[in-house]
Amino acid sequence: TAYRLPTFNDLYYTNFGRTYLRPEFSRQLDIGLTYIRTFDKAIKQLSIQSDAYVNKVKDKIVAVPGNNAQRWSIENIGDVNIRGLDVNLQTTWQVNQVALTNGINYTYQNAKDVTPTGAVSYQRQLPYIPRHCGSFVAGLSVDKLTFNYSFIYTGARYNQKANIGANYVEPWYTHDVSMRYGAMVNRNTVRLTAEVNNLFNQYYDVIANFPMPGRFYRFTLNVTY
């Protein structure tokens, strides 16, 4: 079981808080499995972690953005049933001076409003909670150079309690890449990093009608002495 009181911001933040919020109470059941194995071959380590859970929540505290991204609505949802699955797979490889690490994450979450009086939202997915999301990350190190790649996916969502076409928010995904060079210069550690985020310049909204940046670049120089 878990018990959560509303935070100070939930209750009193300007144009945001709701002083009438009730505490959230939940009953949780979780079953997890972890498997880790090391090898003496090119693949050095394999790890798998998974968790399946069922939560029954009373007076769940949720935040939903309104027409203005600066003004969200905080409220209680009477009864919520959540069923979910988290899976994480990671491997580590080493061939001479070349090291490769990668990881895959996947989450399934069925979070439904089961409040008997919620005619519009009854048995519907909670706002802004996708049923499917995941990521893939990989890193390749060769001597002083490190290359990184990440892929993030978030499935379709609804921006209101009513799961209808007008409230549908498209799924989105992004590709990010970076390269880092590190060296010692006069006993100082120098690291130069170049990044390209949203590599394919995809249009996407994390919050409906508030688009995120397209392709952008970042260069960073760090010197430790």
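Preceding block: the structure.
Here the structure is a predicted model, which is why all the values come from computation and not from measurement.

(A) Representation of the pattern of salt bridges. This model, assessed by the stated rule, comprises 6 salt bridges. With a shortest N-O distance of 3.7 Å, R4 and E24 are connected by a salt bridge. With R4 in strand β1 (residues 2–4) and E24 in strand β2 (residues 24–38), the pair connects residues that are 20 residues apart, well separated along the chain. Assessed through its relative accessible area of 34%, R4 is described here as partly exposed. Among the ionic pairs, R22 bridges to D59, the shortest N-O distance being 3.0 Å. Here R22, found in the loop between α1 (8–12) and β2, pairs with D59, found in strand β3 (residues 43–65); they are 37 residues apart in sequence, far enough to count as distant. Through salt bridges that share partners, R4, D10 and E24 make up one connected network.

(B) Local environment of the packing of aromatic side chains. On inspection of all chains with the given rule, the structure shows 5 aromatic pairs. Relative to Y12, the ring of F8 lies with its centre 5.1 Å away and its plane at 50°, an arrangement referred to as tilted. With F8 and Y12 both in helix α1, this residue pair falls 4 residues apart, about one helical turn. In this structure F8 comes out as exposed when scored by relative accessible area, which is 62%. Ring plane angle 20° and centroid distance 4.5 Å describe the contact between W172 and Y204, whose orientation is recorded as stacked.

Parameters at a glance
Residues numbered from 1 in each chain as written. Predicted model: local features only at pLDDT ≥ 70, side-chain atom pairs only at ≥ 80, totals over all residues. Heavy atoms only, no water. Salt bridge = Lys/Arg side-chain N within 4 Å of Asp/Glu carboxyl O. Helix = DSSP H or I, 4+ residues; strand = E, 2+ residues; numbered from the N terminus. Buried < 20%, exposed > 50% of the residue type's maximum accessible area, 1.4 Å probe, protein only. Phe/Tyr/Trp six-rings, centres within 6.5 Å; stacked < 30°, edge-to-face > 60°.

Remember that the coordinates give geometry; whether it matters functionally is a separate question.
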